[in-house]
Amino acid sequence: MTNHLIKGAKPLGGDAVDILIKDGRIAAIGDSLSATGAEVVEAAGLVALPGLVDLHTHLREPGREDAETVETGSRAAALGGFTAVHAMANTDPVADTAGVVEQVWRLGQEAGLVDVVPVGAVTVGLAGERLAELGAMADSAARVRVFSDDGHCVSDPALMRRALEYVKAFDGVVAQHAEEPRLTVGAQMHEGDRSARLGLTGWPAAAEEAIIARDVLLAEHVGARLHVCHVSTAGSVEILRWAKSRGVQVTAEVTPHHLLLTDACAESYDPVFKVNPPLRTEADIEALRAGLADGTIDAVGTDHAPHAVEDKESEWASARPGMLGLEQALSVVIETMVEPGRLDWAGVADRMSVRPAAIGRLDGHGRPIAPGEPANLVLVDPAARATVDPAALASRSRNSPYAGRELPGRVVATFLRGTPTVLDGKAVR
Ligand SMILES: [Zn+2]
């Protein structure tokens, strides 16, 4: 394996140093390092971060390889600076057995571009009726620790309680898509003045907040770990803050799109902006940014949701909800959090690598940039700006809500255990 010498990068935005990568690990950090035979990566002006970790990616394989595959999604992830992604269970067949999670895990290994960490379904077929084989998935080669019916809410409180109790045995976590389904029948966008004016059925904030409130109480009662997917409302942040102050073992993520975009996007009737949970209001965005800044929200999770053209480019009401996210996640965080001074680079590393790795119990990710650690690294040019062109994305789908938008930050290089997956801003393979 080729060794690499990174020259002049700034770990977490600090002083420029050289980083020597040898045999998959960080071998040395210092000034004016040299190493014969090592490939030199010029990194003056670049910020070095631990490889990013996503808790929430839809890779669509098996079942919808026309929208994304494990390989194309892995490449998109590497280009976004990720070294590990959690692959959601709503595939076809659903990842609700050891066999399916091992299949996804093996496909990730074969692609070799990021660590693909399968999420196991909580209930059989995501049907919300009986628990899937959680223990068998935990014991499988995929070593599943995160369980989620994402796309669907585990709405039966007794079943949710049993899932929380069950995963304690193997230090797992239940990641909830918080949506009380009886409050969102036919919902198309955030419920408020705008939905009334546009004549679209609303998705009320209370449908999310009611489930989060219920689940933090259940998690407290049984002493289990709960993770809340894609928090989207100011009220949800308040409930999480309250729960954490009580010592409840709850963590939460926010998506890049909920940090940047509002329900005003629906005015265009362009279905690229249709997503679940929906884009909310300016006041919600402010609360989400504040929650991510103060740590009430632990992580950024992309909810990368590729859709084939026929599922997305239709009229609003019949379009599938979901947006691409992997390739622009870091740029959106720079735009919404770093440039306004709400998060420094150490904070970005914490919310996009350290904490998501800890929630997923991934030992080799989210580690300090220090000698002896696995060389999972990303080099970012924070000064670069570029306009997003969906045609240029590595994802097999094109449903980016950032099309035509100029965003800051460019991933220049990504290393997975010392092997570059991205160099000069391009996928190595
Ligand atoms: Zn979801």
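These remarks concern the structure in this document.

## Focus on the sheet that holds strand β6 (residues 52-57)
Within a sheet, each strand pairs with its neighbour through backbone hydrogen bonds, oriented either parallel or antiparallel.
Alright, step 1. The strand order across the open sheet built from three strands is β6-β7-β8, with neighbouring strands paired in parallel fashion. Among the strands making up the open sheet, the edge pair consists of β6 and β8 (115-118). With strand direction ignored, the average angle separating the axes of adjacent strands in the sheet is 20°.
Alright, step 2. Bridge count for β6 against strand β7 (residues 82-87) is four bridges, and the pairing is parallel. When the bridges of β7 are listed, T57 appears paired with A87.
Alright, step 3. In the packing of helix α2 (residues 98-111) onto the sheet, the strands contacted are β7 and β8, and the crossing angle to β8 comes to about 175°.

## Observations concerning the packing of helix α7 (residues 234-245) against helix α9 (residues 282-294)
Alright, step 1. For the pair α7 and α9, interaxial distance at closest approach is 8 Å and the crossing angle is 30°. Between α7 and α9, the interaxial angle falls into the category roughly parallel. Contacts from A234, V237 and R241 in α7 reach A283, D284, A287, L288, A290, G291 and D294 in α9.
Alright, step 2. Of the residues that constitute the contact of α7 with α9, the class distribution is six nonpolar, one polar and three charged.

## Digging into the side chain of N399
Alright, step 1. Mapped onto the secondary structure, N399 falls in the loop between β16 (377-387) and β17 (406-416).
Alright, step 2. A distance of 3.0 Å separates a polar side-chain atom of N399 from the backbone oxygen of A305.
Alright, step 3. Reaching out from N399, the side chain makes a polar contact with the backbone oxygen of G322 at a distance of 3.1 Å.
Alright, step 4. Ignoring any residue separated from it by four or fewer positions in sequence, one finds N399 in contact with V272, A305, P306, H307, K312, G322, M323 and L324.

## Notes on helix α12 (residues 345-359)
Alright, step 1. Over its 15 residues, α12 runs 20 Å from end to end, which matches the ideal 21 Å to within 8%, given 1.5 Å per residue.
Alright, step 2. Of all the bends in α12, the largest measures some 40° and sits at R351.
Alright, step 3. One side-chain oxygen at the N-terminal end of α12 lies 3.3 Å from the backbone nitrogen of A346; it belongs to D344.
Alright, step 4. In the stretch just after α12, R361 is the one whose phi turns positive, near 55°.

## Points about empty space enclosed by the protein
Alright, step 1. Counting across every chain of the model gives four cavities of 30 Å³ or more.
Alright, step 2. Estimated volume of the largest cavity: approximately 60 Å³.
Alright, step 3. Surrounding the largest cavity, Q188, M189, T262, D263, A266, F273, K274, V275, P278, L279 and W316 form its lining.
Alright, step 4. Within the lining of the largest cavity, the residues separate by chemical class into seven nonpolar, two polar and two charged.

## Description of unusual backbone geometry
Alright, step 1. Here the residue pair E61 and P62 is connected by a cis peptide bond, since its omega of 5° sits within 30 degrees of zero.
Alright, step 2. Mapping P62 onto the fold places it in the loop between β6 and α1 (70-79).
Alright, step 3. At the junction of D92 and P93, the peptide bond is cis and its omega measures out at 5° in the coordinates.
Alright, step 4. Mapping P93 onto the fold places it in the loop between β7 and α2.

The rules behind these values
Residues numbered from 1 in each chain as written. Predicted model: local features only at pLDDT ≥ 70, side-chain atom pairs only at ≥ 80, totals over all residues. Heavy atoms only, no water. Pairing = 2+ DSSP bridges. Helix = DSSP H or I, 4+ residues; strand = E, 2+ residues; numbered from the N terminus. Axes fitted to C-alpha atoms, helices over the stretch in contact; angles between N-to-C directions. Contact = heavy atoms within 4.5 Å. Parallel < 35°, antiparallel > 145°, perpendicular 65-115°, else oblique. Nonpolar A, V, L, I, M, F, W, Y, C, P; charged D, E, K, R; others polar. Polar contact = N/O pair within 3.5 Å; in protein donor to acceptor, adjacent residues only side chain to side chain. Expected span 1.5 Å × (residues − 1). Bend = angle between axes of the 7 residues up to and from the residue. 1 Å grid on protein atoms, 1.4 Å probe; cavity = no way out; pocket = protein on both sides within 12 Å on 5 of 7 lines; lining within 4 Å. Points joined across faces, edges and corners; volume = space filled by probe spheres on them.

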